[in-house]
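# Inside the fold
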Amino acid sequence: QVQLVESGGGSVQSGGSLRLSCAASGYYSRYCMGWFLQAPGAERGGVAQISSDGSTTYADSVKGRFTISQDNAKRTLYLQMNSLKHEDTAMYYCAADPSFPCGWWLRAADFSYWGQGTQVTVSS
């Protein structure tokens, strides 16, 4: 079965950087992979997704600051987070879905498998 384990979260000052990792197992190479966030009291929202052909989609709020990538040999998904803002503070979740390509819209409901999340806290 698909297992997703996030790591790399932590605390950072505004303007700093973090790189989140998602170790994946039991998935197929053509899966759509994504990152989502959830702040307390809010719905889970999309950050970025990547298809197996390398095509990507980003939320407008992170475009130009965050980069999603994957290393299929290492079975790992990454989210490079630069120029972090206080508003980026949230739990970040790795997700996967057996679809190709990824959907036209960045939707949590399109993803079947989820990790446990990793906390990102950005101080002012």
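Residues numbered from 1 in each chain as written. Predicted model: local features only at pLDDT ≥ 70, side-chain atom pairs only at ≥ 80, totals over all residues. Heavy atoms only, no water.

With that settled, the discussion passes to empty space enclosed by the protein. In the structure shown here, the tally under the stated rule is 1 cavity of 30 Å³ or more. Within this model, the largest cavity holds a volume of roughly 40 Å³. Of the residues belonging to the lining of the largest cavity, the class tally is 4 nonpolar, 3 polar and 2 charged. (1 Å grid on protein atoms, 1.4 Å probe; cavity = no way out; pocket = protein on both sides within 12 Å on 5 of 7 lines; lining within 4 Å. Points joined across faces, edges and corners; volume = space filled by probe spheres on them. Nonpolar A, V, L, I, M, F, W, Y, C, P; charged D, E, K, R; others polar.)

One pass over the structure, following the stated rule, counts 2 disulfides. Between the sulfur atoms of Cys 22 and its disulfide mate Cys 94 the distance is 2.0 Å. Measuring the twist about the S-S bond at about -75°, one finds the Cys 22-Cys 94 disulfide to be left-handed. A residue pair is termed long-range when its members are at least 10 positions apart, and Cys 22 in strand E3 (residues 18–25) and Cys 94 in strand E9 (residues 90–97) qualify at 72 residues. Both residues of the pair, Cys 22 and Cys 94, count as buried. In this model Cys 32 forms its disulfide with Cys 102; the gap between the sulfur atoms is 2.0 Å. Negative torsions about the S-S bond denote left-handed disulfides, and the value of about 110° found for Cys 32 with Cys 102 makes this one right-handed. Here Cys 32, found in strand E4 (residues 32–38), pairs with Cys 102, found in the loop between E9 and strand E10 (113–114); they are 70 residues apart in sequence, far enough to count as distant. Note on accessibility: Cys 32 and Cys 102 belong to one class, buried. When the cysteines engaged in disulfides are numbered in sequence order, the chain pairs them as 1-3, 2-4. (Disulfide = S-S within 2.5 Å. Helix = DSSP H or I, 4+ residues; strand = E, 2+ residues; numbered from the N terminus. Buried < 20%, exposed > 50% of the residue type's maximum accessible area, 1.4 Å probe, protein only.)

A word on the sheet that holds strand E8 (residues 76–81). Overall, antiparallel pairing links the 4 strands, which are arranged E1-E3-E8-E7 in an open sheet. Single-partner strands in this sheet number two, and they are strand E1 (3–7) and strand E7 (66–71). Each strand of the sheet is rotated relative to its neighbour by a mean of 15°, with strand direction disregarded. Taken together, the 5 bridges between E1 and E3 define a ladder with antiparallel strand orientation. Each bridged residue has a counterpart across the sheet, and for Leu 4 the counterpart in E3 is Ala 24. (Pairing = 2+ DSSP bridges. Axes fitted to C-alpha atoms, helices over the stretch in contact; angles between N-to-C directions.)

Next up on the list: the pairing of E3. Where E3 and E8 come together, 6 bridges link them in antiparallel fashion. Among the inter-strand pairings, Leu 18 is bridged to a residue of E8, identified as Met 81.

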